[in-house]
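Spelled out, the chains give:
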Amino acid sequence: MLGPYSHVRIFDAGDGLLPQLIASKIQFEKYGISFFADYMVSGVDAMTQSLVPFSNLNSTIFVLFPGWFAYGLLMFIQRFIASYFTYRLAKDYLKLSSSSSIIAGLLFSLFNFSIYSFTLYHALGLPALPLILWFLEKMTAKKNQRRHIYIIIFGTFIGFSNSFVYFSPYLLPFIFFWFIYIRNIRSFKFILNFSIF
């Protein structure tokens with residue numbers, strides 16, 4: 001709400017992802033797209049740090065908007081998606097009451113596993129997990145053949161929106177186990193949809 005005067009707690013002595021993204025935007029404005037982050041101490045491969053402009057959701061948002069707005073926008077999007085789609089999952093598929101679903105959405109979005117809550121590192125990985133589950137539930141229920149195209153587009157967006165390191169070893173197995181053990185869906189249609197995703 002304070003714009004460029006907003007307070008943001010920066011971890012890692014100022015060399016965390018937020019200052020790096022702001023610095024990568026400055027470098028992009030001066031020199032264009034670079035795969036080497038020479039603004040970091042001794043320079044690093046920018047691709048390994050997810051700092052190449054337009055290579056992922058974080059860098060795209062930070063290139064398009066001022067740093068304070070990009071950071072606030074991403075924090076809002078994360079919490080909105082986490083709360084709304086946790087609510088939808090609880091209400092639509094777990095058949096909880098409205099009040100229980102609202103509480104579940106608030107708990108997941110505001111008081112999740114980390115003392116720092118969702119961060120830039122989470123992007124749309126963990127915060128979007130309820131959205132991913134809800135979307136795959138919808139696609140598995142659809143009979144429309146175009147659902148595979150929607151799954152490809154959605155999967156590509158999710159891949160663009162978070163880190164492989166955070167997403168693949170933890171969230172992909174959880175998605176699979178959600179459908180197999182919690183929802184008890186073991187159809188070929190689900191396996192195909194999950195594989196396409």
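Residues numbered from 1 in each chain as written. Predicted model: local features only at pLDDT ≥ 70, side-chain atom pairs only at ≥ 80, totals over all residues. Heavy atoms only, no water.

## Section: the overall build of the protein
Along its length, the protein carries nine helices and two strands. Listed N to C, the secondary structure of the protein is α-β-β-α-α-α-α-α-α-α-α in terms of helices and strands. Taking the principal axes of its C-alpha atoms as reference, the protein extends roughly 50 × 35 × 25 Å. With 197 residues in all, the protein has 43% of them scored as buried. (Helix = DSSP H or I, 4+ residues; strand = E, 2+ residues; numbered from the N terminus. Buried < 20%, exposed > 50% of the residue type's maximum accessible area, 1.4 Å probe, protein only.)

## Observations regarding a nonpolar patch on the surface
Together, Leu94, Leu96, Phe174, Phe177, Tyr181 and Ile182 line one region of the surface with nonpolar side chains, adding up to about 590 Å² of accessible area. When you line up the elements, isoleucine 182 lands in helix α8 (residues 171–182). (Patch = residues over 30% accessible without salt bridge, like charges linked within 9 Å, V, L, I, M, F, W, Y side chains within 5 Å. Areas by Shrake-Rupley, 256 points an atom, 1.4 Å probe, with all protein chains shown as cover. Salt bridge = Lys/Arg side-chain N within 4 Å of Asp/Glu carboxyl O.)

## Comments concerning the pattern of salt bridges
A side chain with one charge can pair with a side chain of the opposite charge if their charged atoms come near. Scanning all chains against the criterion turns up three salt bridges. For the salt bridge of aspartate 92 with arginine 88, the shortest nitrogen-to-oxygen distance reads 2.5 Å. Placement of both aspartate 92 and arginine 88 in helix α3 (residues 67–93) is noted, with a separation of four residues, approximately one turn of the helix. Across the pair glutamate 137 and arginine 183 runs a salt bridge, and its minimum N-O distance is 2.6 Å.

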